[in-house]
Amino acid sequence: MQNGEDIIEALRCSIGLRNVIKLDINHITMDVLNDMILFPFTNICINCTKSLTSYRYKLIHVIDCFKINRAVAVTADYRWRKINKSSLNSAFKVFYLCDSFAFTYSVFFDYTCQLLHDQCPFQSFSRILIDRYNYEHQNSNIILQPIPLAKLFQSHWLLYQIVRFEFMLGRTQLVNLPVSLNRNELNYHFECYSGWWYHLFTTFWSRHKSIPNIKCSPSNCSRCIIVDGHQKCRRLVCSFKNIVDTSIEEMTSIEIGCPYTPCRRIQSSNSIDAIYCRYHQPSILSSPSLDLQKASERAAEFSIWDRDFLSEHKAQCQNYRNDSEEIKKNKTYGILASYHPCGVAVGFTEAIKAEGMRSVTRHLLLMIIGGFLMPDALIHDCACTLKLHWNKWLGTDMLKSSTLTQQLPIHLALDNFHQKTHSRAMCQTIMKSDHPSHEGRFIGLNSQAAEQAFQYISRAKFALRNFSFPHSTIMLLIILHLLNFKMTGLNLETIGLGSLYFGDIIKDFSPTPCVYERFGSLNDEELNKNEDDDHSDLDHNVTSEDMS
């Protein structure tokens, strides 16, 4: 490694090494007292291919399952952070990003197991680690606090899982990570990449039956999708209602609500309204653009039309979903999720405002846009309402006909459990899963796959409620991805599965616009503020001073 001898000599002088332990790394004999020295995985810049000549070094602590190790991190003086497969397969198996702490792959694996089996929150896991270090006297004489450690561990674990996720499902040879763990940078990175990650998720898992040696039955697992809503993981959201999605041309405009978390009122300021997020504070809110105002009016009009049309159905059948329902206590309606009958999750959307038929349609269209291979059969607990909705509005401005809407399922049925509670005539005939018109598409399938999968999310509800957007979306993406691997029996350490089987349809990265960029309510100075909140997910930059 270029300039390696100079680096080691500087390390010896600055740290004051006296006793000698010889290690041979990269053909350099080093005398060190620390447990390990972490070098960059290359001495050539992976962007410009020039030799790296400027290095920084820092004494850090590596968090492991049973002890805290001392180490020296040597980093190149560059302004970006990238990881390739060589870096991921480092012999030390240590994940280091910045500041004074790193984490071993073993402690990540330990938490992943506890998350999947016991729905362990980050803060509980951090307390377990601290208690274990104290009991074994392996804390390297540093005092850790549970909440700062939980936030720092969470950010590293999420980014590590994202790296694994991209290498598993994408064609990428290089993963980009945010330069710092600052809240704004992480949020922007998550929102910017969320659309592409969703594309990888839906493209891969909707075609998983093509992968050899999976546990589920390839003949049954993709015959239909089961769509259901789950409200147990509802979280607090901004009360501002006039937020619309105009990105799906077929739907023109649809009300979705604001996904961001309300601000925390602080004693030093009386201008903070605790029911609104930072982007919709009345003190800074500006008038929407004319186009946005028209889109909001159009979306509200569509909701009223659909509500009035379905009012007769509501009177005849007690099972009903309405997109015009009001949010109570400014909480979300949880999530909308789609599963294959084998129990593999293939798509999800946060239901911010409601889980009516326009919301379900948007959920399905977003899956198709993301690359989902849509079957022609669908099970939903209000499939009757969805069928009436599509029959009425398909071909109008509310749901324009296109190659996209042509991919929507044509065979809709009620799941076996909820079908018994429906009273409308159509619900007792053509909406039954065994009706002859469906030609046996639903025979022998597990129509309760979504309800059964939601049992895990119900047990994890207290942890999931504490995440704010976009961390809530990314955490759910990772959890469903990990559960799918467990369900199918695939190896979590495998790299290149997506490119091996679906490389011809996987798209390269393209950025997703952030939700707040559609608001037009804040100037640049306000957008750059790094405000904190009292949620347990990573919402501020954690430093070594926070940890000790």
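Everything numeric here is computed off the predicted structure, so don't read it as measured data.

J.: I would appreciate a short explanation of the sheet that holds strand E10 (residues 225-230) in the present structure.
T.: Hydrogen bonds between backbone atoms are what pair the strands of a sheet, whose relative direction is either parallel or antiparallel. If you trace the five strands from one edge of the open sheet to the other, you get E14-E13-E10-E15-E16, paired in mixed fashion. Across the chains shown, the open sheet's two edge strands, defined by having one partner strand only, are strand E14 (345-350) and strand E16 (411-413). Adjacent strand axes in the sheet meet at a mean angle of 20°, parallel and antiparallel pairs treated alike. One ladder, built from three bridges, connects E10 with strand E15 (residues 377-380); its direction is parallel. Paired with Val 227 across the two strands is His 380, which belongs to E15. Its contacts with the sheet place helix H9 (residues 357-370) against E10, strand E13 (335-339), E14 and E15, and it is angled at close to 50° to E13. Sitting on the sheet, helix H14 (residues 471-488) is in contact with E13 and E14, with an inclination near 165° to E14.

J.: Explain the sheet that holds strand E7 (residues 94-96) here, please?
T.: Judged by pairing direction, the sheet is mixed, and its five strands sit side by side in the order E3-E5-E4-E8-E7 without closing on themselves. In the strand order of this sheet, the two ends are held by strand E3 (36-38) and E7, each with one partner. On average, each strand axis in the sheet is inclined to that of its neighbour by 35°, with strand direction left out of account. With three bridges connecting them, E7 and strand E8 (residues 101-104) associate as antiparallel partners. Looking across to E8, one finds that Val 94 is bridged to Thr 104.

J.: Even after reading the chapter, I still don't get the confidence of the model for the protein chain, so can you show me in this structure?
T.: Note: predicted coordinates in regions of low pLDDT should not be interpreted at a detailed level. Chain-level pLDDT for the protein chain is 80 on average; 82% of the residues reach the 70-or-more range. Here residues 531-548 scores under 50 on pLDDT; set against residues more than four positions off or in separate chains, the count is 60 contacts.

J.: Could you clarify how one ought to interpret unusual backbone geometry in this entry?
T.: What is expected of a backbone is that most residues other than glycine have negative phi and most peptide bonds are trans. Geometrically, the link from Phe 469 to Pro 470 is a cis peptide bond, its omega value of 5° lying close to zero. As for its placement among the helices and strands, Pro 470 is situated in the loop between helix H13 (461-464) and H14. Of note, the phi angle at Glu 439 is positive, near 55°, even though the residue is not glycine. As for its placement among the helices and strands, Glu 439 is situated in the loop between helix H11 (416-419) and helix H12 (449-459).

J.: Please explain helix H6 (residues 183-205) as it appears in this structure.
T.: Spacing of three or four residues puts side chains on the same side of an α-helix, whose turn is 3.6 residues. When the local axis directions of H6 are compared, the greatest deviation, roughly 45°, occurs at Ser 194. Taken across its 23 residues, H6 has 19 buried, putting it largely inside the fold. With a side-chain oxygen lying 2.9 Å from the backbone nitrogen of Asn 184, the N-terminal cap of H6 falls on Asn 182.

The rules we used
- Residues numbered from 1 in each chain as written.
- Predicted model: local features only at pLDDT ≥ 70, side-chain atom pairs only at ≥ 80, totals over all residues.
- Heavy atoms only, no water.
- Pairing = 2+ DSSP bridges.
- Helix = DSSP H or I, 4+ residues; strand = E, 2+ residues; numbered from the N terminus.
- Axes fitted to C-alpha atoms, helices over the stretch in contact; angles between N-to-C directions.
- Contact = heavy atoms within 4.5 Å.
- pLDDT = per-residue confidence, 0-100.
- Bend = angle between axes of the 7 residues up to and from the residue.
- Buried < 20%, exposed > 50% of the residue type's maximum accessible area, 1.4 Å probe, protein only.
- Polar contact = N/O pair within 3.5 Å; in protein donor to acceptor, adjacent residues only side chain to side chain.

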